[in-house]
Amino acid sequence: MYPEVIIHNSVSLDHAVRGFEVDLGLHYGALLAFEPGAVLAGSTTAKTGIELFMEINETETEADRHRPAVLPDDPRPVSVIVDSRGVLKDLLHFYRNMEHTKDVIVLVSEATPEDYLDYLREREYPFIRCGTDRVDLKGAIRELGERFGITRVVSDSGPDLNDVLIREGIADTISLIVHPVIVGEGEKKLFGRAGGRTALELRKAVPMEQGTVHLVYAKK
């Protein structure tokens, strides 16, 4: 069974994902309410999160080099990171230590540097190799379901990855926390390169704190 795929973003009224203050409590509260089996992010978003919210110079420990035991009744999602270029080499231990993540799975391609694959193997990170030059997202997500039993994936990433999920017809649902601000020019906008027209149905529109609104749309 192919996993359900949900795009989740906090955006301005003009669909910028940066240039305004995101309410992280609202953002992650809504994300976790979907009860995802996996949270998907691109390597750029993942690295930016480490640089913004963590002590980047914190070194890897011996314990960080080993995959933690994954209990079948652990309700936390796994963190799935698209990283065909090895951007997160020597940084994945930050994700392994996150309290809201029970495991880390990396999506790579045939073009991924061999030294990065060695890094993943030596530290017992499960990885899915799918695609030639870039990760074949549709195939990789299918394998997440087949190998790891994941039935719902929520993408918590930037425009580049999420636009691919729309353009390739992978995403089933779009969840947006809309903030009452217009960022204007200079910031990358969500769905700017999502391809052709995609018809959606409104499933939810809930006013939230500080003038934000949670909108959920599904493909027709």
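Residues numbered from 1 in each chain as written. Predicted model: local features only at pLDDT ≥ 70, side-chain atom pairs only at ≥ 80, totals over all residues. Heavy atoms only, no water.

**Details of the UniProt feature "domain: Bacterial bifunctional deaminase-reductase C-terminal" (unreviewed entry) in the chain**
With numbering matched to this structure, UniProt assigns "domain: Bacterial bifunctional deaminase-reductase C-terminal" (unreviewed entry) to residues 37-212. In residues 37-212, the share of helix is 26% and the share of strand is 20%. The end C-alpha atoms are 26 Å apart. (UniProt positions renumbered as here; feature names shortened; annotations may be inferred. Helix = DSSP H or I, 4+ residues; strand = E, 2+ residues; numbered from the N terminus.)

**A short note on the layout of surface pockets**
Of the volumes computed, that of the largest pocket is approximately 1,100 Å³. Leu24, His27, Tyr28, Phe53 and Asp156 are the residues nearest the centre of the largest pocket, which is lined by 32 residues in total. Among the elements of the structure, strand E1 (4-11), helix H1 (24-33), strand E2 (38-42), helix H2 (43-53) and strand E3 (78-82) are those that each provide at least two residues to the lining of the largest pocket. With seven residues, the single largest contributor to the lining of the largest pocket is H2. Across the lining of the largest pocket, the residue classes break down as 18 nonpolar, 11 polar and three charged. If you count residues domain by domain, the lining of the largest pocket takes at least three from each of domain 1 (1-34 + 159-219) and domain 2 (38-150). Taken as a whole, the second largest pocket holds about 680 Å³ of empty space. Contributing to the lining of the second largest pocket are 24 residues, with Val82, Arg134, Asp160, Leu161 and Val164 lying nearest its centre. Secondary structure elements with two or more residues in the lining of the second largest pocket: H2 and helix H6 (159-167). With six residues, H6 is the largest single contributor of residues to the lining of the second largest pocket. Grouping the constituent residues of the lining of the second largest pocket by class yields seven nonpolar, seven polar and 10 charged. (1 Å grid on protein atoms, 1.4 Å probe; cavity = no way out; pocket = protein on both sides within 12 Å on 5 of 7 lines; lining within 4 Å. Points joined across faces, edges and corners; volume = space filled by probe spheres on them. Nonpolar A, V, L, I, M, F, W, Y, C, P; charged D, E, K, R; others polar. Domains from an automatic or database assignment.)

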